[in-house]
Each structure stands twice: as structure tokens, then as C-alpha cells.
Amino acid sequence: GIQVEQSPPDLILQEGANSTLRCNFSDSVNNLQWFHQNPWGQLINLFYIPSGTKQNGRLSATTVATERYSLLYISSSQTTDSGVYFCAVTNQAGTALIFGKGTTLSVSS
Amino acid sequence: DAGVIQSPRHEVTEMGQEVTLRCKPISGHNSLFWYRQTMMRGLELLIYFNNNVPIDDSGMPEDRFSAKMPNASFSTLKIQPSEPRDSAVYFCASSRLDFAGELFFGEGSRLTVL
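Just so it is clear, the structure is predicted and the values come from calculations on it, not from any experiment.

A.B. asks: Teacher, can you tell me more about the pattern of salt bridges here?
C.D. replies: One side chain can pair with another of opposite charge once the charged atoms of both are near each other. Here the structure, examined in full by the defined rule, presents ten salt bridges over all chains. Note that A:Arg58 is salt-bridged to A:Asp81, the shortest N-O span being 2.8 Å. Taken together, the residues span a long stretch of sequence, with A:Arg58 in the loop between strand E6 (52-56) and strand E7 (59-64) and A:Asp81 in the loop between strand E8 (69-74) and strand E9 (83-91) at a distance of 23 residues. Exposure remark for A:Arg58: the relative accessible area of 26% places this residue in the partly exposed category. With relative accessibility at 6%, the residue A:Asp81 sits in the buried group. Of the charged contacts, one joins B:Arg64 and B:Asp86 as a salt bridge, the two residues approaching to 2.6 Å between their closest N and O atoms.

Have a look at this one:
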């Protein structure tokens, strides 16, 4: 089945720093989502981005479907950005949403 | 619009007891998913429904687990009898268009089986 790899696995930042999280996938996909799981365990939708670029405040995401990767950019990080960032993809058959193992981000003040 | 609503948020029970987790999907969404999250295995799909019909239950661990969706606004996940290894956070999610649509997750039900 499709493989989803996220990097880096862990990231430690000072408040105000920028970061880039990467998601590679092994096959064509028809859906890609980025989620933030906050320290309370809630899974919050960040982007639904099968292709192209989207921006929402300090966050933006780009998916290059032909090259099988997606990037999540966090600018001017804040302590509230801490948590785990998951990339999830739907296979071409549309029968499963596969999650990566996540990137754990810690932002300190 | 209200998001996906799950209950209970926390459940502590003893081994052998029956556990029922509940989910109300977002109105208008025709697909509903149950996921389980553990440290060891991450997020795993247990079962999903399309228009109230179970489509894929291959992720259900064993016969102790069952799920129902009697109508478009309600689903249950039942574990009977529960075991300590069932301890996990159980998430319900819904979308307009199965896995091709954007999935929205509830806040999860944290289950501890002693």
C-alpha cells in the first residue's frame, strides 16, 4: 500500500523562528490533508491540499502531486504551534486515508 | 456549524465491562469513520460507513468490537468485553465524500481499561 513519510520526526524551535515540514508519499493520491494535533489531543484541520498552494495566516502548504511530496511552512512560530503535525493521504482508489507518523514540534519562548 | 461530537470524552472501566462510544457527524456529511490512536500504532482506521452502510471493517481488531450507524446523525462503537490493550483514544471523523473529501475529526474519547 501507499507509504507516507514525514520529516523531520522532531523539531525544536525558539519562538519567532520559521520551519518547513515535509511529507513524501509513494504513489499517486487524490487527497492530502495536514492536521495539527495539539497537546490536548485534538486533531485540527490545517489544509486540504491535493495539489497547489494554500495559505492561512502564518501557515502555508504546497503539494506537488507529480513529484509526490507536500510541504507545510510555519512562519514566526508561537508556543501554541507546539504539537504533532500529521500528513494524511488518500490512495487513488479512494479506499483509505493513510497517516504519516507525524512531526513533533516544540516551540519555546 | 457544530463539528463532530463524541461522547464520552473520557471513560475508565474495568476489564470485562462493555464500553459504548458515541458519535454525531457533521450534518450533511455522508461518510463516517472510526479511528483508534495509540503510541505504538499511531492512527488506525477501524471502520467506515458511507450513507450509513459499513463499507470497510477490516481494521476492526476482533469480534469484541462492533460498530453501528442506525441513521445519518448517530454512530456507536462498542467493545464487549473490554481488555486493557483496548486502552487508546478513539476518534470519530466525517466527510462529505468518503476519503476523497476533507475529513473532520471529533475531539476523541480517551478509553482506559484497568
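A.B. asks: Quick question: what am I supposed to make of the sheet that holds strand E7 (residues 65-71) of chain B here?
C.D. replies: The strands that make up a sheet are held in pairs by hydrogen bonds between backbone atoms, and each pair lies either parallel or antiparallel. Residues and elements named next belong to chain B. Strand order in the open sheet formed by four strands is E1-E3-E8-E7, and the pairing between neighbours is antiparallel. Each edge of the open sheet is held by one strand with a lone partner, namely strand E1 (5-7) and E7. Going from strand to strand, the sheet's axes swing by 15° on average, the running direction of each strand aside.

Conventions adopted
- Residues numbered from 1 in each chain as written.
- Chains lettered and ligands numbered in written order.
- Predicted model: local features only at pLDDT ≥ 70, side-chain atom pairs only at ≥ 80, totals over all residues.
- Heavy atoms only, no water.
- Salt bridge = Lys/Arg side-chain N within 4 Å of Asp/Glu carboxyl O.
- Helix = DSSP H or I, 4+ residues; strand = E, 2+ residues; numbered from the N terminus.
- Buried < 20%, exposed > 50% of the residue type's maximum accessible area, 1.4 Å probe, protein only.
- Pairing = 2+ DSSP bridges.
- Axes fitted to C-alpha atoms, helices over the stretch in contact; angles between N-to-C directions.

It is worth stressing that arrangement in space is one thing and function is another; only the former is reported here.
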